[in-house]
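Each chain, letter by letter, is given below.
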Amino acid sequence: MTSGGDSPGMNAAIRAIVRTGIYRGMNVYGIRRGYQGMIEGDIIPMKTTDVSNIICRGGTILKTARSKEFMTDEGMEKAYVQLTGNNIEALILIGGDGTFRGANKFFEKYTIPAVGLPGTIDKDLVGTDYTIGFDTAVNTAMEAIDKIKDTAEAHDRVFVVEVMGRDAGYIALYSGIASGAEDILIPETITDIEDVLNRIDDDERRKKSVHIIVVAEGDDFGSAEKVHESIAQRFPNKDIRTCVLGHIQRGGSPSFADRILASRLGYAAVNAIYEGKTQVMAGIINNEIVFTPFANVVKGAPPMHSDLLNMIRVLSV
Ligand code: F6P
């Protein structure tokens with residue numbers, strides 16, 4: 001099952017799970033539309049050929065959803081009835097923090113062996129260095145910012161670029177560093193807008209004409225629009241533009257890194273089920289497969305690397 005926001009590489013994970021499961025002699029089924037499909041019994045048998053030619057495709061062939069009903073006791077009970085009625089003996093869940101919060105609650109009450117895979121562009125889960133889809137999303141954002149820089153330079157403009165990340169600034173941090181942005185505003189640190197404005201002022205005095213500010217959508221100061229307004233107030237003569245990258249960051253063919261991560265984790269998850277592991281998320285830390293209990297996965301995002309935060313100030317002069 002894939003659940004929550006889709007991420008590039010989910011299909012590669014589905015392919016690995018289906019094929020490893022069949023190799024292990026299991027009957028493999030797909031639950032469509034996440035927890036909502038579980039509640040409604042939208043469950044389909046899957047063969048090796050059903051996952052042909054999907055390793056390179058973004059989105060998820062199983063479709064996905066954010067189910068409010070599953071967060072209720074009645075919804076969870078309906079889901080459990082569907083699972084037992086369909087003789088489902090183990091679950092593999094691919095998703096982000098919402099998926100694992102749901103799983104954590106569900107398995108407090110119902111016992112079905114379950115292993116999770118980290119599938120989110122946000123990279124905000126404990127228990128893995130990278131999540132499936134993050135690398136592709138960062139590359140998409142980086143390429144977009146590179147293009148924005150060309151036009152910003154042509155017009156001597158300040159650009160505010162908003163990237164995804166409701167609660168996490170990893171996409172902003174990595175795409176901003178990779179594209180040489182002047183400022184990166186993320187929810188994990190307190191944004192000092194005066195400081196940002198002073199840096200624009202400094203740049204102007206040094207005749208540096210382009211200033212790119214990457215803002216995570218969940219930044220504590222506010223959205224890109226709010227940052228734009230503050231700049232316009234302080235510098236009424238500046239030419240400022242805002243670009244919200246939005247859902248293009250979620251789509252597209254997964255990068256090689258996401259395809260390999262998804263394949264390794266899908267393969268490991270089935271083997272973990274086979275070995276009797278349960279209620280753990282498979283992740284990769286320092287190139288080794290590790291399993292983290294669902295309860296720990298949702299304990300908050302891994303801390304931001306302070307080195308990276310300090311580095312931005314030095315490199316973006
Ligand atoms: O969780 C992944 C994510 O892409 C976040 O970065 C973003 O805030 C959110 O999903 C957007 O969700 P939706 O597709 O429901 O608008």
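Up top is the structure these notes are about.
Model, not experiment: these values are computed from the prediction.

Caption draft 1: Layout of helix α3 (residues 73–85). With 13 residues, α3 should cover 18 Å at 1.5 Å per step; its first-to-last C-alpha distance of 18 Å lies within 8% of that length. Among the residues of α3, G75, M76, A79 and L83 are the ones counted as buried. The buried residues of α3 all sit within an arc of 95° when viewed along its axis, so they share a single face. Opposite the packed face of α3, turned more than 90 degrees from it, sit the exposed residues E74, V81 and G85. Where the residues of α3 are buried, they touch β1 (29–31), α2 (34–40), β3 (91–95) and α4 (97–109).

Caption draft 2: A look at the packing of aromatic side chains. Across all of its chains, the model carries 10 aromatic pairs by this definition. With a centroid separation of 6.0 Å and an interplanar angle of 35°, the aromatic rings of F107 and F294 are classed as tilted. In this pair, F107 is assigned in helix α4 and F294 in helix α10 (residues 294–297), connecting sequence segments 187 residues apart. Overall, the relative accessible area of 6% leaves F107 in the buried class. Here the aromatic rings of Y130 and F134 are separated by 6.1 Å at their centres, their planes lie at 25°, and the arrangement is stacked. When its relative accessible area of 41% is taken as the criterion, Y130 is described as partly exposed.

Caption draft 3: Spatial organisation of the pattern of salt bridges. Summed over the entire model, instances satisfying the criterion amount to 20 salt bridges. D203 is the salt-bridge partner of R206, the closest N and O atoms lying 2.8 Å from each other. Overall, R206 belongs to the partly exposed group, its relative accessible area being 49%. For D203, a relative accessible area of 5% gives the class buried. Across the pair E275 and K277 runs a salt bridge whose closest N-O atoms are separated by 3.2 Å. Exposure remark for E275: the relative accessible area of 55% places this residue in the exposed category.

Caption draft 4: A negative patch on the surface, seen in detail. Judged by side-chain charge, E143, D146, D150, E153 and D156 come together as a negatively charged surface patch. By the secondary structure assignment, D150 is in helix α5 (residues 134–155).

Caption draft 5: Region of the structure containing the side chain of E162. Among the structural elements, E162 can be located in strand β5 (residues 158–163). Buried E162, no salt bridge; nearest opposite-charge side chain is R166, N-O distance 11 Å. Apart from residues lying up to four places away in sequence, E162 is in contact with V215, E217, S223, A224, C243, V244, L245 and G246.

Caption draft 6: Quick look at the site of the ligand. The ligand sits among R66, I121, D122, M164, G165, R166, E217, H247 and R250. Taking R66, its side chain carries an N or O atom lying 2.8 Å from an oxygen atom of the ligand. Summarising the interface, the protein chains cover 78% of the accessible area of the ligand, which totals 400 Å² for the free molecule. The residue makeup of the shell around the ligand, split by class, is two nonpolar, two polar and five charged. Structurally, the shell around the ligand is a two-domain feature, drawing no fewer than three residues from each of domain 1 (10–133 + 254–297) and domain 2 (135–250).

Cut-off values and rules
Residues numbered from 1 in each chain as written. Predicted model: local features only at pLDDT ≥ 70, side-chain atom pairs only at ≥ 80, totals over all residues. Heavy atoms only, no water. Helix = DSSP H or I, 4+ residues; strand = E, 2+ residues; numbered from the N terminus. Expected span 1.5 Å × (residues − 1). Buried < 20%, exposed > 50% of the residue type's maximum accessible area, 1.4 Å probe, protein only. Arc of directions from axis to C-beta. Contact = heavy atoms within 4.5 Å. Phe/Tyr/Trp six-rings, centres within 6.5 Å; stacked < 30°, edge-to-face > 60°. Salt bridge = Lys/Arg side-chain N within 4 Å of Asp/Glu carboxyl O. Patch = residues over 30% accessible without salt bridge, like charges linked within 9 Å, V, L, I, M, F, W, Y side chains within 5 Å. Areas by Shrake-Rupley, 256 points an atom, 1.4 Å probe, with all protein chains shown as cover. Lys, Arg positive; Asp, Glu negative; His and termini not counted. Charge placed at Lys NZ, Arg CZ, Asp CG, Glu CD. Near = heavy atom within 4 Å. Polar contact = N/O pair within 3.5 Å; in protein donor to acceptor, adjacent residues only side chain to side chain. Nonpolar A, V, L, I, M, F, W, Y, C, P; charged D, E, K, R; others polar. Domains from an automatic or database assignment.

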